[in-house]
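Each chain, written out:
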Amino acid sequence: MIGDITETKRCPAKDPVDLFRSGRVVKICAPMVRYSKLAFRTLVRKYSCDLCYTPMIVAADFVRSAKARDSEFTTNKGDNPLIVQFAAKEAQVLCDAARIVCPFADGIDLNCGCPQRWAMAEGYGACLINKPELVRDMVRHVRNQIDNPRFSVSIKIRIHEDLKRTVDLCQKAEATGVSWITVHGRNVEERHQPVHYDAIKVIKESTSIPIVANGDIKTLKDAENVHHLTGADGIMVARGLLANPAMFAGYEETPLKCIQDWVNIALEHGTPFTCFHHHLMYMMERITSKQEKKVFNVLSSTSAVLDYLNDHYGV
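Residues numbered from 1 in each chain as written. Predicted model: local features only at pLDDT ≥ 70, side-chain atom pairs only at ≥ 80, totals over all residues. Heavy atoms only, no water.

Q: Can you walk me through the overall build of the chain in this structure?
A: Secondary structure summary: the chain contains 16 helices and nine strands in total. Radius of gyration (C-alpha) of the chain: 19 Å, near the 20 Å computed for a compact globule of 315 residues. Dimensions of the chain, computed from the C-alpha atoms along their principal axes, are close to 55 × 45 × 40 Å. Going through the 315 residues of the chain one by one, you find that 54% of them count as buried. Contacts in the chain between residues far apart in sequence, at least 24 positions, make up 68% of those at least 6 positions apart. Per element, the accessible surface of the chain, about 13900 Å² overall, is 51% carbon and sulfur. When the 40 positive and 37 negative side-chain charges of the chain are each reduced to one mean point, those points stand 1 Å apart. (Helix = DSSP H or I, 4+ residues; strand = E, 2+ residues; numbered from the N terminus. Rg over C-alpha atoms; globule rule 2.2 N^0.38 Å. Buried < 20%, exposed > 50% of the residue type's maximum accessible area, 1.4 Å probe, protein only. Contact = heavy atoms within 4.5 Å. Areas by Shrake-Rupley, 256 points an atom, 1.4 Å probe, with all protein chains shown as cover. Lys, Arg positive; Asp, Glu negative; His and termini not counted. Charge placed at Lys NZ, Arg CZ, Asp CG, Glu CD.)

And the structure:
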């Protein structure tokens, strides 16, 4: 909530681009609707996650409505480095949103990859990969209007069928001063098809800014393999971290310590029950039997969940 975080206003620790200059692969928690909120970001940061994104926020609503700001964006002093991801289609609206979060975050990301129909119909998300001039204009406006030179401006994209168009988009964005580009290696129509890591490699070789690879990375070994396949400077993970928030620390499945940490963090942050429960359902997917899932997944209160975890796992 903006009202609350004014008290914890912080100078960003450092330019997030410095992470990419460290010589090691940057481990990133993806923007996930409903899930990559403050409590979950706090958890993955305990387990070797270098950089976290907020869920996608519609910039126009965020600028227009204090209620939207309070519900969509919460942070604290330990929540850094932090990238706020916006859906936008107008340069000034994106700038206004960036200006609001600038004191509380380390950068913004423009969503050019969301393939959901509602987003595309509104002119947001993946339809922007077909409008390189508009993307360039939005990046340029933010660059010109935000005084802090350490504040990053990045974009997250999907690829075109014709990869030349994607390379062109990335090169135009680079020329405008984009900090890095995250590439989900699928086109707009693809959902569960194999990720085109070869396309990410071509994009990496065609640009000189950091490139982040995204898509179907479920273990630390996967992350290492994708880095070697693509040459990407960073690895962004969504579902893999939901299933195992300790993934980047090298755990094959969610350790009980991580489940205990989640319980403590979620209760401390006042996480709504549905979100608290859903995260646990994801985390326990690999460590519970079918029968246990049937019981656990229908629990309907925080106290019932806490009793279950205590009785079955000593958490």
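Q: Please clarify how the packing of helix H8 (residues 132-145) against helix H9 (residues 163-176) should be interpreted in this entry.
A: Packed helix pairs are specified by the crossing angle of their axes together with the interaxial distance, meaning the distance between the axes. Contact geometry for H8 and H9: axes closest at 9 Å, N-to-C directions at 20°. The angle between the axes of H8 and H9 places the two elements in the roughly parallel class. When you trace H8 past H9, the crossing you get is right-handed. Counted together, Pro-132, Glu-133, Val-135, Arg-136, Val-139, Arg-140 and Arg-143 of H8 and Leu-169, Lys-172 and Thr-176 of H9 form the full contact between these two elements. The residue makeup of the contact of H8 with H9, split by class, is four nonpolar, one polar and five charged. (Axes fitted to C-alpha atoms, helices over the stretch in contact; angles between N-to-C directions. Parallel < 35°, antiparallel > 145°, perpendicular 65-115°, else oblique. Left-handed = near helix turned anticlockwise from the far one by under 90°. Nonpolar A, V, L, I, M, F, W, Y, C, P; charged D, E, K, R; others polar.)

Q: Quick question: what am I supposed to make of the side chain of His-160 here?
A: Relative to the helices and strands, His-160 resides in the loop between strand S6 (152-158) and H9. Note on His-160: relative accessible area 7%, which makes it buried. What His-160 contacts, discounting residues up to four positions off in sequence, is Ile-129, Asn-130, Arg-165 and Thr-166.

Q: I keep staring at the packing of aromatic side chains and nothing clicks. Help me out?
A: The full count for this structure, using the stated rule, is seven aromatic pairs. The structure contains a cluster of three or more aromatic residues connected by ring pairs, namely Phe-62, Phe-73 and Phe-86. (Phe/Tyr/Trp six-rings, centres within 6.5 Å; stacked < 30°, edge-to-face > 60°.)

Q: Before we go on, may I ask you to explain the pattern of salt bridges in this structure?
A: If you walk through the whole model with that rule in mind, you get 14 salt bridges. A salt bridge links Asp-18 to Arg-21; the nearest nitrogen and oxygen atoms lie 2.5 Å apart. Since its relative accessible area comes to 58%, Arg-21 is described here as exposed. With a closest N to O distance of 2.6 Å, Arg-64 and Asp-61 form a salt bridge. Of this pair, Arg-64 and Asp-61 are both found in helix H4 (residues 59-64), three residues apart, which corresponds to roughly one turn of the helix. Among the charged side chains, a network of salt bridges with common partners joins Arg-186, Asp-216, Lys-218 and Arg-239. (Salt bridge = Lys/Arg side-chain N within 4 Å of Asp/Glu carboxyl O.)

Q: What should I look at first to understand the UniProt feature "active site" (unreviewed entry) in the chain in this one?
A: In this numbering, the UniProt entry assigns the feature "active site" (unreviewed entry) to Cys-114. Among the secondary structure elements, Cys-114 is positioned in the loop between strand S5 (107-112) and helix H7 (117-121). Once residues lying within four places of it in the same chain are set aside, the contact partners of Cys-114 are Met-56, Ala-119, Met-120, Gly-125 and Ala-126. (UniProt positions renumbered as here; feature names shortened; annotations may be inferred.)

Q: Can you help me understand the environment of Ala-173 in this one?
A: By secondary structure assignment, the location of Ala-173 is in helix H9. Once you skip the residues sitting within four places of it in the chain, Ala-173 turns out to touch Ile-155, Val-178 and Ile-181.

Q: Just checking my understanding: could you explain the environment of Cys-29 for this structure?
A: Along the chain, Cys-29 falls in strand S1 (residues 26-29). Counting along the chain gives 207 residues from Cys-29 to Met-236, while the straight-line C-alpha distance between them is 5.8 Å. Apart from the residues within four sequence positions on either side, Cys-29 is in contact with Ser-36, Phe-40, Val-44, Cys-49, Leu-51, Cys-52, Tyr-53, Val-237 and Leu-241.

Q: Would you take a moment to explain the UniProt feature "domain: DUS-like FMN-binding" (unreviewed entry) in the chain for this structure?
A: As recorded in UniProt, the feature "domain: DUS-like FMN-binding" (unreviewed entry) lies at residues 29-292. For residues 29-292, helix accounts for 45% and strand for 14%, while the C-alpha atoms at its two ends are 28 Å apart.

Q: I'm lost on the state of the cysteines in this one. Help?
A: A covalent bond bridging the sulfur atoms of two cysteines is what the word disulfide describes. With the rule as written, the count across this model stands at zero disulfides. Among the cysteines around Cys-29, which has no disulfide bond, Cys-52 carries the closest sulfur, lying 4.8 Å off. Taking the relative accessible area as the measure of exposure, Cys-29 reaches 0% and is therefore buried. Cys-49 takes part in no disulfide bond, and the closest cysteine sulfur to it belongs to Cys-52, at a distance of 3.9 Å. (Disulfide = S-S within 2.5 Å.)

Q: Hey, could you run me through the domain arrangement of the chain in this one?
A: Buried accessible area, meaning the area lost when the parts come together, often serves as the stated size of an interface. Domain assignment breaks the chain into domain 1 (16-249) and domain 2 (256-313). In this complex, domain 1 contributes 16 residues to the contact, which on the side of domain 2 involves 13 residues. For the pairing of domain 1 and domain 2, the buried interface totals around 1300 Å² over both sides, and the portion due to carbon and sulfur atoms is 66%. At the boundary of domain 1 with domain 2, the tally comes to zero salt bridges. Counting across the interface, domain 1 meets domain 2 through four residue pairs in polar contact (both at pLDDT 80 or more). Counting residues per element, the ones that place at least two in the side of domain 1 that touches domain 2 are helix H3 (38-45) and helix H12 (239-243). Take the side of domain 1 that touches domain 2: its biggest share by element is five residues, from H3. Of the residues belonging to the side of domain 1 that touches domain 2, the class tally is 10 nonpolar, three polar and three charged. (Domains from an automatic or database assignment. Buried area = accessible area lost by both parts, 1.4 Å probe. Polar contact = N/O pair within 3.5 Å; in protein donor to acceptor, adjacent residues only side chain to side chain.)

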